[in-house]
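# Structural overview
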Amino acid sequence: MEITGFTVWITEADRGPKFIWRNGIPGSHGDIPRGTAPSKAVIRMETDSGLTGAIEVRSGVAIGDLVQRRYHEFIGDDPLLTEKLWVKMWEIDRIEEINLRALGLLDILAWDIKSQAAQMPIYQMLGGYDTKIPTYASTVTWPTMDEYERYIKMCRDLGFKAFKLHAWGDVEQDILLSKNLRKWVGPDADLMFDGSAGWDYVDALKVGQVLQETGFLWYEEPMREFHLGAYTKLCEKLDIPILAAETSDGVHWNMASWIEARALDMTRINAHNKGGFTGSMKVAGLSQSFGMRAQVHGMGLENAQLCAAVPNNDYYEQIVMNEEQILGLDKLGTLSIIDGELTVSDEPGLGYQFDWDHLDKTAFQKIVVNEDTRPEAY
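So, here is what we can say about the structure in this document. (Residues numbered from 1 in each chain as written. Predicted model: local features only at pLDDT ≥ 70, side-chain atom pairs only at ≥ 80, totals over all residues. Heavy atoms only, no water.)

### Focus on the sheet that holds strand 1 (residues 3-12)
Operational definition: A pair of strands is considered paired only if DSSP assigns at least 2 bridges between the two. The helix count covers DSSP runs of H or I at least four residues long, the strand count covers runs of E at least two residues long, and both are numbered beginning at the N terminus. For helices, the fitted axis covers only the stretch in contact; all axes are lines through C-alpha atoms, and the angles between them, taken along N-to-C directions, range from 0 to 180 degrees.
Here four strands make up an open sheet; going across it, the order is 3-2-1-14 and the pairing antiparallel. The open sheet has two edge strands, strand 3 (52-58) and strand 14 (365-370), and neither has a second partner. The mean angle between the axes of side-by-side strands here comes to 15 degrees, regardless of whether they run parallel or antiparallel. As paired strands, strand 1 and strand 2 (residues 39-47) are joined by nine bridges and run antiparallel to one another.

Listed below in structure tokens is the structure:
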């Protein structure tokens, strides 16, 4: 089988619900200038077998540019040789410095095709572990304590047994919120806290000590992920597991540095942030060899497959935003959350469904990469 080309449609994206993150970080619509709409890219990998892989991602214009300039390198390659494609993309990254969330896109497309060709779900081809995945309710940042209580109790009543806070970035208020969370959901629920890299070492230590006393399962990204020494000190001072390296580039090579420095207790994997399925499985295996859990970060079809493949992951993450969205979590098709649990699809492929004719009519840009568009000289 050979890759014959790629097509990208850049089209308008749904704005989605408005919400905020912690103080200092732009909210959900912070990248949408007034009078404009967000864009998304639908990318299709085409082969001489007739099988295609397809994915949808935000930041449409930037993704379209990357595919147009670099994906011609993969025309003629075998999409079933996912490891070979991954190494080749890593080489391109040396000169391109590909955005963290774009490095794994080609790998994901190839696994979509590989899964269809084998007529097996992706999670089984990655190893296969369990399709019944407990899910944690991962909050956005609500403006008031009352809103946290209302929405968290709503999730609790729908069957969630694990909860993660994205809070305000105010040390004292976040400590109070963390203590209240334990009261709202009881002693048996798993609790997590995501600091969204908002603090220095002193504040991170202060909050961590309270989370530890309150029995949280993990303490996530309390500081920016650059100086590993600060994370090493934090790990030495706290017993609560530190979950880190979510935003660090370099996939498993970088994760090895974190582990060597004893700068975390749990690692992060994500089909987009860690180089697709191939990169994420490298990190998961590395983590397992050191007795560490590799927690899957984020939602979506890709990360659901990862959750079902990785033995050292605990949960699927489900962002919760408002009442309408929370009450609709059981109506998300293959990503429906029922009684706090996700059942991962057994169908081959990723599961994206696109109307190509409709995309042709509605896209404001269409990019075609094939043998006819390849550069003449290398």
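### Examining the environment of Gly76
Take Gly76: it is sitting in the loop between helix 1 (60-70) and helix 2 (82-96). Spatially, the C-alpha atom of Gly76 lies 6.1 Å from that of Thr4, the residues being 72 residues apart in sequence.

### A word on unusual backbone geometry
Where we set the bar: Exposure classes here rest on a 1.4 Å probe applied to the protein chains alone. A residue is buried below 20% of its type maximum, exposed above 50%, and partly exposed in between.
Despite not being glycine, Glu97 shows a phi value in the positive range, around 50 degrees. In this fold, Glu97 is placed in the loop between helix 2 and helix 3 (105-118). Given a relative accessible area of 55%, Glu97 falls into the exposed group. Within the chain, Ala245 stands out as a residue other than glycine whose phi angle is a positive 65 degrees. Here Ala245 is to be found in the loop between strand 8 (242-244) and helix 9 (251-260).

### Side note on the pattern of salt bridges
Using the following cut-off: Salt-bridge detection follows one rule: a side-chain nitrogen of Lys or Arg within 4 Å of a carboxyl oxygen of Asp or Glu.
In the structure shown here, the tally under the stated rule is 20 salt bridges. Among the ionic pairs, Lys164 bridges to Glu220, the shortest N-O distance being 3.0 Å. Of the two residues, Lys164 is situated in strand 5 (residues 162-166) and Glu220 in strand 7 (residues 218-220); the sequence distance between them amounts to 56 residues. Residue Lys164 is classed as buried on the basis of its relative accessible area of 0%. You can call Glu220 buried: its relative accessible area is 0%. Between Arg268 and Glu246 there is a salt bridge whose closest N-O contact spans 3.8 Å. Of this pair, Arg268 sits in strand 9 (residues 266-269) while Glu246 sits in the loop between strand 8 and helix 9, placing them 22 residues apart in sequence. Taking relative accessible area as the criterion, Arg268 reaches 1% and is therefore assigned buried. With a relative accessible area of 11%, Glu246 lands in the buried category. What emerges from the salt-bridge pattern is a single network uniting Lys164, Asp194, Glu220, Glu246, Arg268 and Glu317.

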